[in-house]
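In case you want the letters, here they are:
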Amino acid sequence: MTWIFNEDEFTEPSEDHVGFVYLITEISTGKKYIGKKLFWRTLKLKPLKGKTRSRKVTKQSDWMKYYGSSLALQNALAENGPENYKREILHMCRTKGEMSYIECVEQIQRKVLFREDYYNEFIGVKIHSKHVKGMAQCIIEHNNNQ
């Protein structure tokens, strides 16, 4: 199954975005999951022969085949198969701070912890004010997409 963004299939991340906030919906039951995923991962490699400084390589993450970190969702996915799930990108994010903030806002606004139709079991977020300064435009865009 592919990711959907703005009602179109999404297959290629831009270099302007580090990741996204997503919604996974179980088609047969309507049960949902809100999460976030990075497009890129940084690998730390051993130093080259004769060198002391370790190397860093950026590679694409497993975002294309990712279905969330919820154990309950993973169990349901194994039982029902990926064709029974719709994966939507709700918001593209330029920073990790923006991604964490938007995920938290989505989870709280949707009251995921109080509803039986969400797989989310906890909300974990740690955001420093310096990570969200200058996000006014992002918040306006997010609110306009609601």
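Residues numbered from 1 in each chain as written. Predicted model: local features only at pLDDT ≥ 70, side-chain atom pairs only at ≥ 80, totals over all residues. Heavy atoms only, no water.

Chemist: Just checking my understanding: could you explain unusual backbone geometry for this structure?
Modeler: Negative phi is the rule for most residues except glycine; trans is the rule for most peptide bonds. In the Ramachandran plot, asparagine 6 falls in the positive-phi region, its phi being about 50° despite a non-glycine side chain. Note on placement: asparagine 6 falls in the loop between strand 1 (3-5) and strand 2 (8-10). We classify asparagine 6 as exposed; its relative accessible area is 59%. The backbone of glutamate 7 shows a phi angle near 70°, a positive value even though the residue is not glycine. Considering the arrangement of structural elements, one finds glutamate 7 in the loop between strand 1 and strand 2. Its relative accessible area of 76% is what places glutamate 7 among the exposed residues. (Helix = DSSP H or I, 4+ residues; strand = E, 2+ residues; numbered from the N terminus. Buried < 20%, exposed > 50% of the residue type's maximum accessible area, 1.4 Å probe, protein only.)

Chemist: How do you make sense of the packing of aromatic side chains when you look at a structure like this?
Modeler: The geometry of an aromatic ring pair is captured by two quantities: the separation of the ring centres and the angle between the planes. As enumerated under the stated definition, the model contains eleven aromatic pairs in all. Plain terms: the ring middles of phenylalanine 10 and phenylalanine 39 are 6.0 Å apart, the flat faces sit at 35° to each other, and that makes the pair tilted. Note that phenylalanine 10 is positioned in strand 2 and phenylalanine 39 in the loop between strand 4 (32-38) and strand 5 (40-45), a separation of 29 residues in sequence. Both residues of the pair, phenylalanine 10 and phenylalanine 39, belong to the buried class. Look at phenylalanine 10 and tryptophan 63: their rings are 5.6 Å apart centre to centre, the planes differ by 55°, and that puts the pair in the tilted class. Of this pair, phenylalanine 10 sits in strand 2 while tryptophan 63 is found in the loop between strand 6 (55-60) and helix 1 (71-80), placing the two residues 53 residues apart along the sequence. (Phe/Tyr/Trp six-rings, centres within 6.5 Å; stacked < 30°, edge-to-face > 60°.)

Chemist: For this particular structure, what's the right way to read the pairing of strand 7 (residues 85-93)?
Modeler: By the bridge criterion, three bridges tie strand 1 to strand 7 in an arrangement that is parallel. If you follow isoleucine 4 over to strand 7, its bridge partner there is glutamate 88. (Pairing = 2+ DSSP bridges.)

Chemist: I'm lost on the sheet that holds strand 1 in this one. Help?
Modeler: In spatial order, the strands read 2-1-7-3-4; together these five strands make up an open sheet with mixed pairing. At either margin of the open sheet sits one strand with a lone partner, and together these are strand 2 and strand 4. Averaged over all pairs of adjacent strands, the angle between strand axes in this sheet comes to 40°, irrespective of strand direction. Most of the contacts of helix 1 go to strand 7, to which it runs at about 140°, and overall it touches strand 3 (19-26), strand 4 and strand 7. Sitting on the sheet, helix 2 (residues 96-109) touches strand 3, strand 4 and strand 7, and the angle it makes with strand 4 is about 175°. (Axes fitted to C-alpha atoms, helices over the stretch in contact; angles between N-to-C directions. Contact = heavy atoms within 4.5 Å.)

Chemist: What should I look at first to understand the pattern of salt bridges in this one?
Modeler: Opposite charge on two side chains lets them pair, provided their charged atoms get close. Per the stated rule, a full pass over the model turns up four salt bridges. Of the charged contacts in the structure, one is a salt bridge between lysine 36 and glutamate 103, with a shortest N-O distance of 3.8 Å. Within this pair, whereas lysine 36 is found in strand 4, its partner glutamate 103 is found in helix 2, the two being separated by 67 residues in sequence. For glutamate 103, a relative accessible area of 10% puts it in the buried group. Close ionic contact of arginine 115 with aspartate 117 constitutes a salt bridge, the shortest N to O distance being 2.7 Å. (Salt bridge = Lys/Arg side-chain N within 4 Å of Asp/Glu carboxyl O.)

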